[in-house]
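Residue-level structural notes
One-letter residues, chain by chain:
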Amino acid sequence: MFAGLPELGISNGDDLKETLTNCPDPLKAIDQFQMENGILLPTLQSALPFLDLHGTPRLEFHQSVFDELRENLMERVAVIAEGKEADRYSKLEELLEKSFPLVKMPSIQPVVMQVLKHLPKVPEKKLKIVMADKELYKVCAVEVKRQIWQDNQALFGDEVSPLLKQYIVEKEAALFSNDVSVLHSFFSPSPKTRRQGEVVLKLTQMIGKNVKLYDMVLQFLRTLFLRTRNVHYCTLRAELLMSLHDLDITEICSVDPCHKFTWCLDACIREKFVDGKRARELQGFLDGVKKGQEQVLGDLSMILCDPFACNTLVLSIMRNLQELLSQDALPRDSPDLMLLLRMLSLGQGAWDMIDSQVFKEPRLVCIFGVTGLLCWCCQDLEVVTRFLPAMMSVVVDDNIFTVEQKLPSEEKSSQVYPTLLPDAFYRYLQENRVACEMGLYYIFHIAKLRNKNALQRLLPSLVDTYNDMAFGDIFLHLLTGHLTLLSDEFGSEDFCSVVFDNFLLTSFSSKENVHRHILRMLLHLHHKVAPSYMESLIKTLEPPKQSSEQLKELYTKLMEKLEAHKKSSPVLEEKPSLDLGLHAVTVSTTTSSAPTTPF
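All values derive from a computational prediction rather than experimental measurement.

Helices and strands together make up the secondary structure of the protein, namely 30 helices and 2 strands. The buried share of the protein, reckoned over its 599 residues, is 47%. Across the protein, every contact between residues at least 6 apart in sequence was considered, and the portion connecting residues at least 24 apart equals 71%.

Attention shifts here to the packing of aromatic side chains. The geometry of an aromatic ring pair is captured by two quantities: the separation of the ring centres and the angle between the planes. Under the defined criterion, the tally for this structure stands at 14 aromatic pairs. For the pair Tyr441 and Phe444, a centre-to-centre distance of 5.1 Å together with 75° between the ring planes defines the contact as edge-to-face. Taken together, the residues span about one helical turn, with Tyr441 and Phe444 both in helix 24 (residues 433–448) at a distance of 3 residues. With respect to burial, Tyr441 and Phe444 carry one shared label: buried. Feature note: the residues Phe490, Phe495, Phe500 and Tyr533 constitute an aromatic cluster, connected by ring pairs. Between Lys145 and the ring centre of Tyr137, over which it is positioned, the NZ or CZ distance is 5.0 Å. Here Arg194 stacks its cationic end above the ring of Phe308, 3.7 Å away from the centre of that ring.

This part covers the packing of helix 14 (residues 232–246) against helix 16 (residues 259–271). Two numbers describe how helix 14 lies on helix 16: the axes approach to 10 Å, and their chain directions differ by 95°. Relative to helix 16, helix 14 is oriented roughly perpendicular. Of the residues in helix 16, those in contact with Ala238, Leu241, Met242 and His245 of helix 14 are His259, Thr262, Trp263 and Asp266. Among the residues making up the contact of helix 14 with helix 16, the classes are represented as 4 nonpolar, 3 polar and 1 charged.

As enumerated under the stated definition, the model contains 0 disulfides in all. Here Cys264 stays free of any disulfide, with the sulfur of Cys268 as its closest cysteine sulfur at 4.8 Å. Look at Cys264 and you get buried, because its relative accessible area is 7%.

Time to look at the packing of helix 5 (residues 88–99) against helix 6 (residues 109–118). Their axes nearest at 10 Å, the elements helix 5 and helix 6 cross at an angle of 150°. For helix 5 against helix 6, the interelement crossing comes out left-handed. Counting all contacts with helix 5, which are made through Tyr89, Leu92, Leu95, Leu96 and Ser99, the residues of helix 6 involved are Val112, Val115, Leu116 and His118. For the contact of helix 5 with helix 6, the class distribution of residues is 7 nonpolar, 2 polar and no charged.

Another point: helix 29 (residues 531–540). If you check which residues of helix 29 are buried, you get Tyr533, Met534, Leu537 and Ile538. The buried residues of helix 29 all sit within an arc of 135° when viewed along its axis, so they share a single face. Opposite the packed face of helix 29, turned more than 90 degrees from it, sit the exposed residues Glu535 and Lys539.

Let us now look at unusual backbone geometry. One non-glycine residue, Asp328, lies in the positive phi region at around 55°. Along the chain, Asp328 turns up in the loop between helix 19 (307–326) and helix 20 (335–348). Owing to a relative accessible area of 73%, Asp328 belongs among the exposed residues under this scheme. At Asn467, a residue that is not glycine, the phi angle is positive and equals roughly 55°. Note on placement: Asn467 falls in the loop between helix 25 (452–458) and helix 26 (473–483).

Relative to the helices and strands, Gln147 is located in helix 9 (residues 142–149). With a relative accessible area of 10%, Gln147 lands in the buried category. In terms of polar contacts, Gln147 uses its side chain to reach the backbone carbonyl oxygen of Leu119, at 3.0 Å. There is a polar contact of 3.4 Å between the side chain of Gln147 and the backbone oxygen of Pro120. Residues in contact with Gln147, not counting those within four places in the same chain, are Leu119, Pro120, Lys121, Val122 and Leu127.

Let us look at the nonpolar core. Counting 107 residues, the largest nonpolar core has Met438, Phe490, Phe500 and Phe503 as its most contacted members. With 11 residues, the single largest contributor to this core is helix 24. If you count residues domain by domain, this core takes at least three from each of domain 2 (165–256) and domain 3 (265–361). Val130, Ile148, Leu221 and Ile249 belong to the second largest nonpolar core, which has 59 residues in total.

Enumeration according to the criterion identifies 26 salt bridges in this entry. Arg70 is paired through a salt bridge with Asp67; the nearest N and O atoms lie 3.3 Å apart. Residue Arg70 and its partner Asp67 are both found in helix 4 (residues 58–82); the two are separated by 3 residues, about one turn of the helix. Accessibility expressed as a relative area gives 18% for Arg70, which makes it buried. Its relative accessible area of 26% is what places Asp67 among the partly exposed residues.

Of the residues in the protein, 88% reach a pLDDT of 70 or more, and the chain-wide mean stands at 86. Note on residues 364–374: pLDDT is under 50 here. Beyond four places in sequence and across chains, it has 26 contacts. The model gives residues 571–599 a pLDDT under 50, and that stretch makes 58 contacts with residues more than four places away or in other chains.

With respect to the element layout, Asp473 can be found in helix 26. Assessed through its relative accessible area of 23%, Asp473 is described here as partly exposed. For Asp473 and Arg516, which are 43 residues apart along the polypeptide, the C-alpha to C-alpha distance reads 9.8 Å. Of note is the side chain of Asp473, whose polar atom sits 2.8 Å from the side chain of Asn513.

Quick look at the environment of Ala470 now. Structurally, the position occupied by Ala470 is in the loop between helix 25 and helix 26. Here the alpha-carbon distance between Ala470 and Gly439, two residues 31 residues apart in the chain, equals 9.7 Å. The contact partners of Ala470, leaving out residues within four places of it in the chain, are Leu440, Leu462, Thr465, Phe475, Leu476 and Phe503.

Moving on to the environment of Leu554. Here Leu554 shows up in helix 30 (residues 549–574). In this structure, the C-alpha to C-alpha distance between Leu554 and Arg516, residues 38 residues apart in sequence, is 7.3 Å. Excluding residues within four positions of it along the chain, Leu554 makes contact with Asn178, Arg516, Leu519, Arg520 and Leu523.

Here is what the cut-offs are and how they apply
- The written sequence of each chain sets the order in which its residues are numbered from 1.
- In keeping with the predicted nature of the model, local features appear solely for residues at pLDDT of at least 70, side-chain atom pairs appear and are counted solely at 80 or more, and the whole-chain, interface and lining totals rest on all residues.
- Side-chain metrics rest on all non-hydrogen atoms present in the structure, leaving aside hydrogens and water.
- Working definition: helices are DSSP H or I runs of at least four residues, strands are E runs of at least two. Numbering for both runs from the N terminus.
- Throughout, exposure labels follow a simple rule: accessible area from a 1.4 Å probe, protein chains only, divided by the maximum for the residue type, with under 20% read as buried, over 50% as exposed, and the rest as partly exposed.
- Contact definition: two residues touch when any of their heavy atoms are within 4.5 Å.
- Two aromatic rings, drawn from Phe, Tyr or Trp (for Trp, its six-membered ring), form a pair once their centres lie within 6.5 Å of each other, and the interplanar angle then sorts them: stacked below 30 degrees, edge-to-face above 60, tilted otherwise.
- Ring-over charges, as used throughout, are those where CZ of Arg or NZ of Lys falls within 6 Å of the ring centre and within 35 degrees of the ring normal.
- Between N-to-C directions, angles span 0 to 180 degrees; the directions come from axes that are lines fitted to C-alpha atoms, helices contributing only their stretch in contact.
- Each angle receives one of four descriptions, namely roughly parallel if under 35 degrees, roughly antiparallel if over 145, roughly perpendicular if within 65 to 115, and oblique otherwise.
- Charged means Asp, Glu, Lys or Arg here, nonpolar means Ala, Val, Leu, Ile, Met, Phe, Trp, Tyr, Cys or Pro, and polar covers whatever is left, Gly included.
- Note that a disulfide, as used here, is simply two cysteine sulfur atoms within 2.5 Å.
- It is the rotation of the near helix from the far one that decides the hand of a crossing: anticlockwise by less than a right angle makes it left-handed, clockwise makes it right-handed.
- Comment: arc refers to directions from the helix axis out to C-beta atoms.
- Identification of polar contacts relies on pairs of N or O atoms within 3.5 Å, with a donor-acceptor requirement for protein atoms, meaning one able to donate a hydrogen and the other able to accept it, and with residues adjacent in sequence counted only if both atoms are side-chain atoms.
- Grouping buried Ala, Val, Leu, Ile, Met, Phe, Trp, Tyr and Cys residues that are joined through side-chain atoms within 4.5 Å yields what is termed a nonpolar core.
- Boundary definitions for the domains trace back to an automatic or database domain assignment.
- What counts as a salt bridge is simple: a side-chain nitrogen of Lys or Arg found within 4 Å of a carboxyl oxygen of Asp or Glu.
- A residue's pLDDT is simply how confident the predictor is in it, with values from 0 to 100.

Printed below as a string of structure tokens:
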């Protein structure tokens, strides 16, 4: 407990024991020991007997004085460190030399740790001692740990790894949230709110202004992204940079070549739209990547692979297409659309680029549009010239049908809503990830419009998509929320058959995540589903024995809700409904009704 005192010339318990063992007069020896090792203040000697008369133990007195002196010393250390004297750090180093032998003494340890905290460069020998002792390492300040971590990547990795795991768990939990709604989805929180998360704040504190630690974290994120293909690591890469930006850590922001690009994109994500001005800024950053610095494209692609960035890009593409339709213009005539597709393609190809270490955008070809010479990636050229026209033809079918239903009955034809899709639309959903992403978001668009006819036409086409994107957690999370807008339609077995039999149930047995998303949705819509269909659905969705606890728990909750609904339903039938909420307007699949107009 008192190790280190002899090194400073101060007697400890062993010295007192030896003195009492060898002295002829123990009482006299004790008085002598107290005089030599007590507070060296001559005027105090006459006061100590007065304290004795009041029954105040000498230990209590000395302890109170010691605590006061320690607090004053710690405050003084902070004042010296924050001062502007040229020799302030040499003073602290001198104090460290005198106090460090007592670093394991609990009463002195806070002083030593305070000195270590305020030294920008702790002596290497002292750092090794702290690092080798688990107790010392645990209690030392993060400022000291940074100096240890920057030369010990493995130790830093051990500290960061639990935080990265926690971050992924939190993101996945958000995707499987029990709140199934369009208004409160995975993409609802603003970028600023997301950066206030525990993991981001802790990582920001651990990094501080240390560029080397920041580079280590980025390397961890790249490695984990390559190993798992989990796009949430891309989100964390962008959030971490913007968190440092919020704190005005210029030491890091000024050296990260992605800073200004991420800052501009962050503003677009906040507004859920890439306007013309910011589009030109983003294009300038992409075009400004110099020869010899192509590796920057790897990080830019990770930032664009962030689901929040992809969501913003595709929503902007959809809005851009609406404008083109209103102007009777072709997709290939829009420079803004070109840039949005370019960035979406770069983000979708992030894993391939980092894995192959070939930091090049796809080869560009040139075509002439109304606005002049446009350059398109070869792959994206087909998306623009073949896929988007096919998707537009689907929109045209819907518009024609809508107009047809508004005509007087004597002018109406016998036209029914088309059920087949253009071959190009279906093929590109399977073969092209950029086209597939846009196709999936078009599903959200028609669901927002409560267009049951279009939804029934398109959902079956999602069974076979590029890399099974339609069965990914992000899409299913958003789809289940959007389907709540058509809750009344689930009373029709035909509609249920399209949603479940022709899409969701085609893969739920092999993909547990699909199974979980179905149960999440039914927890909110079970009372809307046709009873006969719900009965068979419950039997189909019963979890196998080897399934996860989360899946079993969801199924149990659904069964409990169904049981509660059965008990309450007779009461509900006797009483008039007081529900004043807004409900979706039911649209029939017959030719006598028309869907709302898409786009």
